[in-house]
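Architecture at a glance
Residues per chain, in single letters:
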Amino acid sequence: MSCVNEVNNKLQEMSTFFGKIDDKLYKIYIYDVDDVTTFNDKVNKLLSNFSYKESQTHKLYATGESKLEESKTLYYLAQCTRDLSGPVCKKCLDDAIRELPNCCDGKQGGRVVGGSCYVRYELYPIIDA
């Protein structure tokens, strides 16, 4: 009977994890841009709008691109684990986007990786179309 209790306890522990945000975020630094303030403003605005779109998909995964200037395009990707609902996914992505200035201020690319969601942007295509 103790084996059944052990399994039951493990299942209860696992059920408290599913659907909740794992707050551990890790950052990766890349190269600098010329006009830091303008670039950061554009990146934050685009990614914030994108987090809503991404959280509404059933895949909980989306990519996008936007022109920053005539010769520069920003490519971005966002993903949540499947156990998160749309609103919880959006919160996780918004938290990750708020971390970007701490790691990637004025950088040509950046990533914030958590256990529950992932945000990335670059000035080159991230995935093959």
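Everything below is about the structure shown above.
So, here's what we can say about the structure. Here the structure is a predicted model, which is why all the values come from computation and not from measurement.

1. A word on the nonpolar core
- By size, the foremost hydrophobic cluster in this structure holds 25 residues, and its most contacted members are Leu47, Leu100 and Tyr121.
- Elements that contribute at least two residues to this core include exactly helix H2 (36–55), strand E3 (73–80), helix H3 (86–104) and strand E5 (117–122).
- By residue number, the principal contributor to this core is H3, which donates eight residues.
- Other than its neighbours up to four places away in sequence, Leu100 contacts Leu47, Asp105, Val112, Val119 and Tyr121.

2. Examining the packing of H2 against H3
- As a packed pair, H2 and H3 sit with axes 8 Å apart at the nearest point and diverge in direction by 165 degrees. One element, H2, and the other, H3, form an angle in the roughly antiparallel class. Judged by the sense of rotation from one axis to the other, the crossing of H2 with H3 is right-handed. Contact with H2, carried on its side by Asn40, Asn44, Leu47, Ser48, Ser51, Tyr52, Glu54 and Ser55, involves Gly86, Cys89, Lys90, Leu93, Asp94, Ile97, Leu100 and Cys104 of H3 and no other residues of that element.

3. Here's the deal with H2
- Taking 1.5 Å of rise per residue, the 20 residues of H2 would be expected to cover 28 Å, and the 28 Å separating its terminal C-alpha atoms lies within 8% of that figure.
- Within the span of H2, buried status applies to Phe39, Asn40, Val43, Leu47, Phe50, Ser51, Glu54 and Ser55. Buried residues of H2, seen end-on, are gathered within an arc of 110 degrees and therefore sit on one face of the element. What points out from H2, more than 90 degrees from its buried face, is the exposed set Thr37, Lys45 and Asn49.
- Here the buried face of H2 lies against strand E2 (61–67), E3, H3 and E5.

What counts as what
- Residues numbered from 1 in each chain as written.
- Predicted model: local features only at pLDDT ≥ 70, side-chain atom pairs only at ≥ 80, totals over all residues.
- Heavy atoms only, no water.
- Core = buried A, V, L, I, M, F, W, Y, C linked by side-chain atoms within 4.5 Å.
- Buried < 20%, exposed > 50% of the residue type's maximum accessible area, 1.4 Å probe, protein only.
- Helix = DSSP H or I, 4+ residues; strand = E, 2+ residues; numbered from the N terminus.
- Contact = heavy atoms within 4.5 Å.
- Axes fitted to C-alpha atoms, helices over the stretch in contact; angles between N-to-C directions.
- Parallel < 35°, antiparallel > 145°, perpendicular 65-115°, else oblique.
- Left-handed = near helix turned anticlockwise from the far one by under 90°.
- Expected span 1.5 Å × (residues − 1).
- Arc of directions from axis to C-beta.

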